[in-house]
Amino acid sequence: MKLNQNYANLRDSYLFKTIAQKVNAYKAENPEAKIIRLGIGDVTRPLVPAVVEAMGKAVVEMGDAAAFRGYDDGGVGYDFLLDAIAGYYKAKGVTIGTDEIIVSDGAKSDVGNIPGIFAAGARVLIPDPVYPAYVDTNLIDGNEIIYIDGNESNGFLPSSTSVSTPPALQPQPNASVKADLIYICSPNNPTGAVYDKKQLQEWVDYALRVGAVILFDAAYESFITDKTLPRSIFEIDGARRCAIEICSFSKLAGFTGVRCGFTVVPRELLSEDGKTLLSLWKRRQTTKFNGVSYITQRGAQAALSDSGLSQCRENIAYYQENARIIGAALTKLGIKFFGGVNAPYIWLKCPDGRGSWEYFDYLLNEKNIVSTPGAGFGKNGDGFLRLTSFGTRENTIEAAERL
Ligand code: PLP
């Protein structure tokens, strides 16, 4: 029996393990310390009343022989949820067909599974720094990763013109890399940076030129308040011919523990030999996944109802105020940061040229604040640190005061 050797290429997931070890060691030595966690990307606000009510009703239905539901036959989502998602897009000014939406148990699964419908060994562009799941899933699949650098000079928003071709692949200087897949995360985890329409148009034009598919991770789109910023890649001309969008109820509706997301694959998106990616992705999902529970889908539908959305927006506004409080404290200290507006993450530059882990230790030991070292999100993350706005107001205010 042989194992998938690609697993040997994964870096040890030391980041959160090391953070936990350091926090536990500090707690053991300082049992009285009140530690505030501003490191994790998990939400703290509870499910909104509209969702709780809808899920409760669905549970009762499941206990009634006449209303009971078993497998979701189509396997890609009940019509009531597909309609609600299409309506959510319509309100953003984007028209998508209900047949183009595939409901899943969350964005992480879709982000990880989607490379599986492309040929093995695909050449994949991945921003650095970024959500680590993109890198690991493509390493497991044996794909070739080319990192695109996010840094201070491009505001952590790498552009297609910054794609540097490894010399061995370069037919002529500055030729476009012939990528197969491009991950774009906007608003970005961990930097909080958000692409504008012009920047995304450049990516779409590039993808169309080289025949690549953009995998657009819109997990944090609900945090965008600036109306000029795109909340969907499908706001961009030509995107229906080159992009797949992955989205989630996790941050929109606090579903991190409930589990629901969806992917939109436009009908126009074709492979080189004319196959629709939509039918391939549906085939993949209905073969390897048996659909999201009825109760969860009713909850997701309720989150997108008028009352559900306004309740969810109250929670998002709560986190946004937390981000503002942290941002104001950093500004007062003269610490440079990115994000914090239109995103739940604050990406700060460690003062005095300190490294991520050095500053992490300082905040833990001197201020009893847990953060996430930027180095855990890619090489360009060193010297930076991620704080999140997902804490409670009380803790956020106290952390800001300690800072
Ligand atoms: N995409 C990004 C960029 C994320 O940061 C996360 C979670 O933090 C996910 C996807 C995962 O979302 P889900 O909870 O829907 O799996």
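Residues numbered from 1 in each chain as written. Predicted model: local features only at pLDDT ≥ 70, side-chain atom pairs only at ≥ 80, totals over all residues. Heavy atoms only, no water.

Caption draft 1: Local environment of the sheet that holds strand β10 (residues 345-349). The strand order across the open sheet built from 4 strands is β9-β10-β13-β12, with neighbouring strands paired in antiparallel fashion. Every other strand in the sheet has two partners, leaving β9 (337-339) and β12 (372-373) as the edge strands with one partner each. Examined bridge by bridge, β9 and β10 share 3 bridges and lie antiparallel to one another. From the neighbouring strand, Phe337 faces β10, where its bridge partner is Leu348. (Pairing = 2+ DSSP bridges. Helix = DSSP H or I, 4+ residues; strand = E, 2+ residues; numbered from the N terminus.)

Caption draft 2: Molecular detail of the nonpolar core. In terms of nonpolar packing, the biggest core is built from 73 residues, with Ile85, Ile182, Trp203, Ile214 and Phe249 touching the most fellow members. It is helix α3 (residues 79-91) that contributes the most residues to this core, 8 residues altogether. Looking at which domains feed residues into this core, each of domain 1 (12-41 + 307-402) and domain 2 (54-305) supplies at least three. Beyond its immediate sequence surroundings of up to four residues, Ile182 is in contact with Leu125, Trp203, Tyr206, Ala207, Ala212, Val213, Ile214 and Leu215. Among the nonpolar cores identified, the runner-up in size contains 26 residues, and Val76, Cys185, Leu215 and Ile244 belong to it. (Core = buried A, V, L, I, M, F, W, Y, C linked by side-chain atoms within 4.5 Å. Buried < 20%, exposed > 50% of the residue type's maximum accessible area, 1.4 Å probe, protein only. Domains from an automatic or database assignment. Contact = heavy atoms within 4.5 Å.)

Caption draft 3: The pairing of strand β3 (residues 123-128), seen in detail. With 6 of its 6 residues buried, β3 lies for the most part within the structure. Here β3 shows two buried faces, one formed by Arg123, Leu125 and Pro127 and the other by Val124, Ile126 and Asp128. Note that β3 and strand β4 (residues 144-149) share 6 bridges and pair parallel. Directly across from Asp128, in β4, lies its bridge partner Asp149. Tracing the backbone out of β3, into helix α5 (residues 133-140) and back to the parallel element β4 gives a crossover that is right-handed. Note that β3 and strand β5 (residues 181-185) share 2 bridges and pair parallel. Looking at the pairing, Val124 lines up with Leu181 of β5. (Right-handed = clockwise from strand over helix to strand, strands pointing away.)

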